Amino acid sequence: MIRRRFLQIAGAPLMGAAAGKTMLVVAADAGWLECAGGTIAKMTGEGAHAILVRVGNDEKESWGLTPEETALRNRKESEAAARLLGIQEVISFGYRSSELRDVPHTTIRDRLIFLIRHHRPAILMFPNPHAEHDRNLDRYYVGAAAEDAWHCARFQNFLPAPSHGGLAPHIVSEAYYYSSPVDPRRREPESSSTFVPQPIRVDIAELFARKLRAAQALRTVNRGTAMRLKQSLEAAGRRLPLLDTVNDRAVDKLVEENLRGLAAMCAAGSPYKLAEEFRYAGIEYGLPTKYLR
Amino acid sequence: MRLCLLLGIVSGILIGQGQNRFPLGEIPPGKILLVAQPHHDDHTTDYGMGGVIARFVEHGYKAYYIRASNDEKDGANGYPRNDIINLKETWNGIRILGMEDVISLNWRNDFMNPIPLNELREQLIFLIRKYRPDVVLGHNPWEHYQKNPDHRNVARALVEAYWLAGYDTVHPEHFKLGMKPHAAGHFYGKGRLDWGLGQISNVALELNDSQVRKKERAIAAHRNVYHNPGARRAMQARLAAMGMHVPELDAANDDDASDLILHWWMNWISRDIGGKAGVAYAEDLYYMDPQYHLPGLKAYIDANARKAPSE
Ligand SMILES: [Zn+2]
């Protein structure tokens, strides 16, 4: 494989300031927060109006609870976490998590086009459907639908019925593709910054405490993660002393270690200590740099 | 699937040169290996994992093979006979590798794009809960330019089944049969290095002579697709067109020629990957360990996990 030189774009100068903008955050599952929570908090802190769209209902992510109870708790806890990040509204589509392969791509896409046209965001965040080696394929299905919606919301011939109700086409000028940093090739530059989102890092050091509080509010998901981790370590004859007793304090500590580890991974090779990383499509995405000069 | 063997052997010498070296992996502790692939011959094939399966078995694992399709398109005998012959030859192949059983799911061969993938996934979840593997081995769902819908979809269903089988919120009806959730610890995915950007492997598993021999014999067991009348003459003609001649083929009949070429091919690919890992023979894979999905906790777990006290 040809190893191209790692192109690192410092985040801040390229990204538009968020004050006064509307942003729509599309989520497949509760994983949106650990990928993008710090950046969302930064933008809402600058004055952005943020809306979270939960496509999946997170009904599987718990320990010892029924899917129905799990979905209800995760909805409430996602709303609480969103509030802590300054998100003003949470819209839950309620599709069954890990069953999204059964939902037509165009169904999810068209519901997202509806919301893009209604809320008219300047910023769209969604799971990166081009990221590899994330075993949670809901992120791929939702990311692909959101990317398609971003593109199609601008064309008048999509959603003809609501168009008659006043939903005009809308162009979202900035897109952030987020993903869990499991893809070994996630930072490799693509051929061109025109029509290809480029890797960026966002410094979240000042927002880390807020992101952590929000992540800790996802109590049902976090307890499931802690119990499954304990189980998988035990299967390999290992134990984490922290998880000898899985109580709220231990789970909160595990969440903190996870977020610190992720933020350090995302910051590696950048001037930042704690970061989040994205593929970003801003003005250069549609307008080649040579014309900007 | 059927290979373009000759072109592969000739051009394969050039493919992959300059690849990064692979780190060598070890066989993880465990007892059960579950291999799920779409087709009769995918336990081995050119890019395959027959050597790795043989190594797991020699290490003490019991190994099971899930054939997701019915292989009706592979061969020249019509759909039903191809299905029957290919299943029989799957048995012949997996026995050579030392595997225990073939579970045939019989989805229609090469028609797996429009199938309800969650139904296939449910079958795989059920089998993971039944066999309780320590290691799941299949195709890498992120392989680039994979044109075969069966490979794409079995890979996608398997990578989700591998973790969802551990969730008690997923298909709780299975528990009526006395099954319990089971999270398989280790996932290995296979892909080809020579398609598009190819498979980016993160580990190579070394093979010994015996494992490479088993791999060579396992693929040759699939006579229905790999033994063709006129194989020797066709191959010699193509070699001659490139100004080449392989003396070993002169005295061979068609069956022997097909076998020879399969053996050379399996031996070459094992040596080629071995060379990239600094050993004589190897196969390369994409490996996900039990905590792969929690990259943020890797450093913390490495620093703080202790050996559990034995009971
Ligand atoms: Zn195949």
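Computed from a predicted structure; not experimentally measured. (Residues numbered from 1 in each chain as written. Chains lettered and ligands numbered in written order. Predicted model: local features only at pLDDT ≥ 70, side-chain atom pairs only at ≥ 80, totals over all residues. Heavy atoms only, no water.)

Enquirer: How should the overall build of chain A be read in this particular structure?
Expert: When helices and strands are counted, chain A shows 11 helices and nine strands. Projected onto its principal axes, the C-alpha coordinates of chain A cover approximately 60 × 45 × 40 Å. Each of the 293 residues in chain A was classed as buried or not, and the buried ones make up 57%. Considering only intrachain contacts with a sequence separation of at least 6, the fraction spanning at least 24 residues in chain A is 82%. Accessible area of chain A: about 12400 Å², with a carbon and sulfur share of 54%. Measuring between centres, the 40 positive side-chain charges of chain A sit 3 Å from its 34 negative side-chain charges. (Helix = DSSP H or I, 4+ residues; strand = E, 2+ residues; numbered from the N terminus. Buried < 20%, exposed > 50% of the residue type's maximum accessible area, 1.4 Å probe, protein only. Contact = heavy atoms within 4.5 Å. Areas by Shrake-Rupley, 256 points an atom, 1.4 Å probe, with all protein chains shown as cover. Lys, Arg positive; Asp, Glu negative; His and termini not counted. Charge placed at Lys NZ, Arg CZ, Asp CG, Glu CD.)

Enquirer: Quick question: what am I supposed to make of the packing of helix α3 (residues 67-84) of chain A against helix α8 (residues 219-235) of chain A here?
Expert: How two helices pack is summed up by the angle between their axes together with the distance between the axes. Residue and element names in this part refer to chain A. Two elements in contact, α3 and α8, have axes whose closest approach is 8 Å; the angle formed by their N-to-C orientations is 120°. Comparing the axis directions of α3 and α8 gives the class oblique. Every residue of α8 that contacts α3 at Thr70, Arg73, Asn74 and Glu77 is listed here: Arg219, Thr220 and Val221. Of the residues that constitute the contact of α3 with α8, the class distribution is one nonpolar, three polar and three charged. (Axes fitted to C-alpha atoms, helices over the stretch in contact; angles between N-to-C directions. Parallel < 35°, antiparallel > 145°, perpendicular 65-115°, else oblique. Nonpolar A, V, L, I, M, F, W, Y, C, P; charged D, E, K, R; others polar.)

Enquirer: Help me out: how do you make sense of empty space enclosed by the protein in this one?
Expert: Think of a ball as big as a water molecule: rolled over the atoms, this probe shows where empty space is left. Residues and elements named next belong to chain A. Applying the stated criterion to the full structure yields five cavities of 30 Å³ or more. Computed from the structure, the second largest cavity encloses a volume of approximately 140 Å³. Lining the second largest cavity are 17 residues, and of these Asn128, Ala131, Asp134, Arg139 and Tyr140 sit closest to its centre. Partitioned by chemical class, the residues of the lining of the second largest cavity number nine nonpolar, five polar and three charged. (1 Å grid on protein atoms, 1.4 Å probe; cavity = no way out; pocket = protein on both sides within 12 Å on 5 of 7 lines; lining within 4 Å. Points joined across faces, edges and corners; volume = space filled by probe spheres on them.)

Enquirer: What is the right way to look at the interface of chain A and chain B in this model?
Expert: You'll often see interface size given as the accessible area lost when the parts meet. Contacts between chain A and chain B engage 47 residues on the former and 44 residues on the latter. Roughly 4100 Å² of surface becomes buried between chain A and chain B when both sides are summed, with 56% attributable to carbon and sulfur atoms. The interface formed by chain A and chain B includes one salt bridge. Counting every contact that joins chain A to chain B gives 16 residue pairs in polar contact (both at pLDDT 80 or more). (Buried area = accessible area lost by both parts, 1.4 Å probe. Salt bridge = Lys/Arg side-chain N within 4 Å of Asp/Glu carboxyl O. Polar contact = N/O pair within 3.5 Å; in protein donor to acceptor, adjacent residues only side chain to side chain.)

Enquirer: Would you explain the sheet that holds strand β1 (residues 32-37) of chain B in this entry?
Expert: All names here are of chain B. An order of β3-β2-β1-β4-β5-β7-β6 is seen for the seven strands of this open sheet, with the pairing classed as mixed. The open sheet is flanked by β3 (101-107) and β6 (203-207), the only strands paired with a single partner. Taken over all neighbouring pairs, the strand axes of this sheet differ in orientation by 25° on average, direction set aside. Relative to strand β2 (residues 62-69), β1 runs parallel, the two sharing six bridges. Each residue of the ladder has a partner; that of glutamine 37, found in β2, is arginine 67. Against the sheet, helix α3 (residues 79-97) touches β2 and β3, its axis set at about 150° to β3. Relative to the sheet, helix α9 (residues 254-277) contacts β6 and β7 (281-288), its axis offset from that of β7 by approximately 70°. (Pairing = 2+ DSSP bridges.)

Enquirer: I would appreciate a short explanation of the nonpolar core in the present structure.
Expert: For soluble globular proteins, nonpolar side chains are generally found buried alongside one another. Core analysis: the largest hydrophobic core is formed by 69 residues, its most contacted members being Leu105, Leu120 and Leu124 of chain B. When residues of this core are assigned to their parent elements, the largest contribution, eight residues, is made by helix α5 (residues 149-164) of chain B. With residues up to four places along the chain from it excluded, the contact list for leucine 120 of chain B reads Ala68, Leu105, Trp107, Met112, Ile115, Asn153, Val154 and Ala157 of chain B. Among the nonpolar cores identified, the runner-up in size contains 59 residues, and Ala82, Ala122, Tyr178 and Leu212 of chain A belong to it. (Core = buried A, V, L, I, M, F, W, Y, C linked by side-chain atoms within 4.5 Å.)

Enquirer: So what exactly am I meant to see when it comes to the layout of surface pockets here?
Expert: Counted as a void, the second largest pocket has a volume near 990 Å³. Every residue lining the second largest pocket is counted, 37 residues in all, and those nearest its centre are His130, Ala131, Glu132 and Glu190 of chain A together with His144 of chain B. Those elements giving two or more residues to the lining of the second largest pocket turn out to be α5 (138-152) and β9 (275-281) of chain A together with α5 of chain B.

Enquirer: Help me understand the coordination of the zinc ion in this model?
Expert: In an ideal octahedron of six donors the angles at the metal are 90 or 180 degrees, and in an ideal tetrahedron of four donors they are 109.5 degrees. Residues and elements named next belong to chain B. The protein atoms that coordinate the zinc ion are His39 (ND1), Asp42 (OD), Asp42 (OD) and His151 (NE2), at distances spanning 2.1 to 2.5 Å. Metal-centred angles of 55 to 131° between the four donor atoms at the zinc ion mark the site as irregular. Donor residues for the zinc ion sit on one chain with the sequence pattern H-x2-D-x108-H. Linking aspartate 42 in the loop between β1 and α2 (50-58) with histidine 151 in helix α5, this pair joins segments that are 109 residues apart in sequence. In this pair, the class of aspartate 42 matches that of histidine 151, namely buried. (Donors = N, O, S within 2.8 Å, 3.2 Å for Na, K, Ca; no water. Tetrahedral: all angles 85-135°; square planar, octahedral: opposite > 155°, others 65-115°.)

Enquirer: How should I be thinking about the confidence of the model for chain B in this particular structure?
Expert: Low pLDDT means the predicted atomic positions in that stretch should not be read closely. Residue and element names in this part refer to chain B. When pLDDT is averaged across chain B, the result is 90; 91% of the residues are at 70 or more. Contacts from residues 1-19, a stretch scored under 50 in pLDDT, to residues over four places away or in other chains number 41 contacts. Scored as a whole, the predicted complex attains pTM 0.91, and scored at its interfaces, ipTM 0.91. (pLDDT = per-residue confidence, 0-100.)

Enquirer: Help me understand the state of the cysteines, please; the structure alone is not making it clear to me.
Expert: Should the sulfur atoms of two cysteines be covalently bonded, the bond is a disulfide. Here the structure, examined in full by the defined rule, presents zero disulfides over all chains. Not part of a disulfide, cysteine 266 of chain A finds its nearest cysteine sulfur in cysteine 35 of chain A, a span of 7.9 Å. (Disulfide = S-S within 2.5 Å.)

Enquirer: What's the story with unusual backbone geometry in this structure? I'm lost.
Expert: Of all residues except glycine, most have a negative phi; of all peptide bonds, most are trans. Residue and element names in this part refer to chain A. Even without being glycine, histidine 133 reaches a positive phi, approximately 65°. Here histidine 133 lies in the loop between β5 (123-127) and α5. Within the chain, leucine 159 stands out as a residue other than glycine whose phi angle is a positive 50°. Within the fold, leucine 159 resides in the loop between α5 and α6 (160-164). In this structure leucine 159 comes out as buried when scored by relative accessible area, which is 11%.

Enquirer: Can you help me understand the pattern of salt bridges in this one?
Expert: Any two side chains of opposite charge can pair if their charged atoms end up close together. Here the structure, examined in full by the defined rule, presents 37 salt bridges over all chains. Arginine 109 of chain A serves as the salt-bridge partner of aspartate 110 of chain A, at 2.9 Å between the closest nitrogen and oxygen. Taking relative accessible area as the criterion, arginine 109 of chain A reaches 12% and is therefore assigned buried. We note a salt bridge from lysine 73 of chain B to glutamate 72 of chain B, for which the minimum N-O separation is 2.5 Å. Its relative accessible area of 25% is what places lysine 73 of chain B among the partly exposed residues. Its relative accessible area of 7% is what places glutamate 72 of chain B among the buried residues. Bridged by salt links that share partners, the residues Glu59, Lys60, Arg96 and Glu99 of chain A together with Arg121 and Glu160 of chain B form one connected network.

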